[in-house]
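One letter stands for each residue in the lines below.
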Amino acid sequence: MVEEINAGLEGVVVGQTELSNVEGDIGRLTYRGEPIESLVKRDFPAVLNWLMTGEWLDESQCRALDRWLADESELSAVESRVLEQLPRNTHPMSVLQALVPIAELTPAQQPPAWLDEQWVPGLVLAARINAAVRIWHNLSRGGDVFAVPAGLGFLEKLLYGINGAAPGEQALRAINTTQILQLDHSYNAGTFAGRVIASTGASLCASIAGSLGALSGPLHGGADEAAVMMAREIGSPEKADRWVRDALANKVKIMGMGHREYKRLDPRAAILKPMARQFCEGTEWQTLMDTLMAVEETCQDVFSSRGKEIYANLEFYKGAVYLALGIPEQYFTSLFACSRVFGWISHFHEFNRAPRLIRPRALYAGR
Ligand SMILES: CC(=O)SCCNC(=O)CCNC(=O)[C@H](O)C(C)(C)COP(=O)(O)OP(=O)(O)OC[C@H]1O[C@@H](n2cnc3c(N)ncnc32)[C@H](O)[C@@H]1OP(=O)(O)O
Ligand SMILES: O=C([O-])CC(=O)C(=O)O
């Protein structure tokens, strides 16, 4: 009997989740029923807590969580030594994969009293990941780690540490938006990898180390860096049309375009494109932004001539916002991980409430 094989698991339902809902046919994304368009008007700590627990924090709780996460965004002596030993050209995603399995999950500061203790190790891990990205950004450039003043918020500390200067109000609002948009996305490859690892009874750190590996690939989270590298290679909007037509004729994938689930515009790209335009206008990033827009136009034109549709995904315009915030492209995917880790933690706990070993079957095709 010939068994049917679905190598990419397209459309296969392998579990359930209450965390986020990707409605690809109508281009809608919600976290616990709340559309991302309204969530981006809130503060990042409030939204990550909503995703994890399904409860809204009041203003003082939100400030307390923000401050505690920021305070926990430091590395222990052992963790710092690990980073110091790494070759300076190590990619930030590899740095995170080296660090996470040995990360210390005991908080250095007392967590807010109302925080359910089941969340503490995961939140400490998320804070360590943010710290590692900030600190590696300094170390990999051969410099000292920028001193960051006390009393900053979680995302403020991350941006301050990367740029060595206090972010303005507009930059803070922008990073609040990008990080909210990346928190969760149902059973994407990175999250699913984490659930598979959790299904063996492995630890939270093991699960998240696996998710990081999956996220790093260019067909997934690594597309953010790859899209900007593509725009840099093209060089200018005038050259985009020829470049894209040649690429598509040669079956080269255009990074940041297309999506397994969205059959319309990714709602995250719909928010990020106007933001990126506004941020890049009249700056050194204007040509890159214009090049990305020209790539999107030609890509859609070629697809339409084939009777198909293609749309930008989360990754296509996000990089232009990040560049304007002072974040270099090698760091894009690690910034993605700084947000998505809260989704991975939520999935780890959700999965472990009804665990089952995930073990599919293969059709033997050998001798
Ligand atoms: C956060 C995230 O992970 S978002 C996704 C980030 N990844 C990217 O941006 C990488 C570029 N995009 C892609 O590779 C794909 O669109 C994926 C992997 C994201 C999803 O693709 P799948 O559901 O597997 O669709 P698949 O790759 O089979 O594409 C269907 C058709 O569209 C084409 N296509 C899809 N995306 C692209 C693209 N970006 N560039 C060129 N052609 C594309 C495929 O070549 C295929 O054509 P064919 O039917 O002639 O063979
Ligand atoms: O859902 C997917 O396949 C990829 C994606 O957009 C994400 O992880 O945010």
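Heads up: the structure comes first, above all this text.
The text that follows walks through the structure, step by step, so that each part is easy to find. What you are looking at is a predicted structure, and each value in this text was computed from that prediction instead of being measured.

The rules we used
- Residues numbered from 1 in each chain as written.
- Chains lettered and ligands numbered in written order.
- Predicted model: local features only at pLDDT ≥ 70, side-chain atom pairs only at ≥ 80, totals over all residues.
- Heavy atoms only, no water.
- Near = heavy atom within 4 Å.
- Polar contact = N/O pair within 3.5 Å; in protein donor to acceptor, adjacent residues only side chain to side chain.
- Areas by Shrake-Rupley, 256 points an atom, 1.4 Å probe, with all protein chains shown as cover.
- Nonpolar A, V, L, I, M, F, W, Y, C, P; charged D, E, K, R; others polar.
- Helix = DSSP H or I, 4+ residues; strand = E, 2+ residues; numbered from the N terminus.
- Expected span 1.5 Å × (residues − 1).
- Bend = angle between axes of the 7 residues up to and from the residue.
- Pairing = 2+ DSSP bridges.

**Here's the deal with the site of ligand 2**
What surrounds ligand 2 is the set His-185, Asn-188, His-220, His-259, Arg-268 and Arg-340. Here His-185 contributes a side-chain N or O atom positioned 2.7 Å from an oxygen atom of ligand 2. Interatomic distance of 2.7 Å between a side-chain N/O atom of Arg-340 and an oxygen atom of ligand 2. Here ligand 2 loses 82% of its free accessible area of 270 Å² to cover by the protein chains. A breakdown of the residues in the shell around ligand 2 according to their chemical character gives no nonpolar, four polar and two charged.

**A short note on the site of ligand 1**
Taken together, 21 residues surround ligand 1, and among them Leu-219, His-220, Ile-254, Met-257 and Arg-260 come closest. Separating a nitrogen atom of ligand 1 from a backbone N or O atom of Leu-219 is a distance of 2.8 Å. Between an oxygen atom of ligand 1 and a side-chain N or O atom of Lys-308, the distance comes to 3.2 Å. Here ligand 1, which alone exposes 900 Å², has 70% of that area covered by the protein.

**Structural notes on helix H16 (residues 332-353)**
Along its 22 residues, H16 runs 32 Å from first to last C-alpha, staying within 8% of the 32 Å computed at 1.5 Å per residue. Of all bends in H16, the biggest is about 40 degrees, found at Ser-339.

**Focus on the sheet that holds strand S3 (residues 34-35)**
Strand-to-strand pairing in sheets goes through backbone hydrogen bonds, with the strands running parallel or antiparallel. Spatial ordering of the open sheet is given by S1-S2-S3, a layout of three strands whose pairing is antiparallel. On the outer flanks of this sheet lie strand S1 (20-23) and S3, each paired with one strand and no other. Across two bridges, the pairing between strand S2 (residues 28-31) and S3 is antiparallel. Its bridge partner being in S3, Tyr-31 is matched across the sheet by Glu-34.

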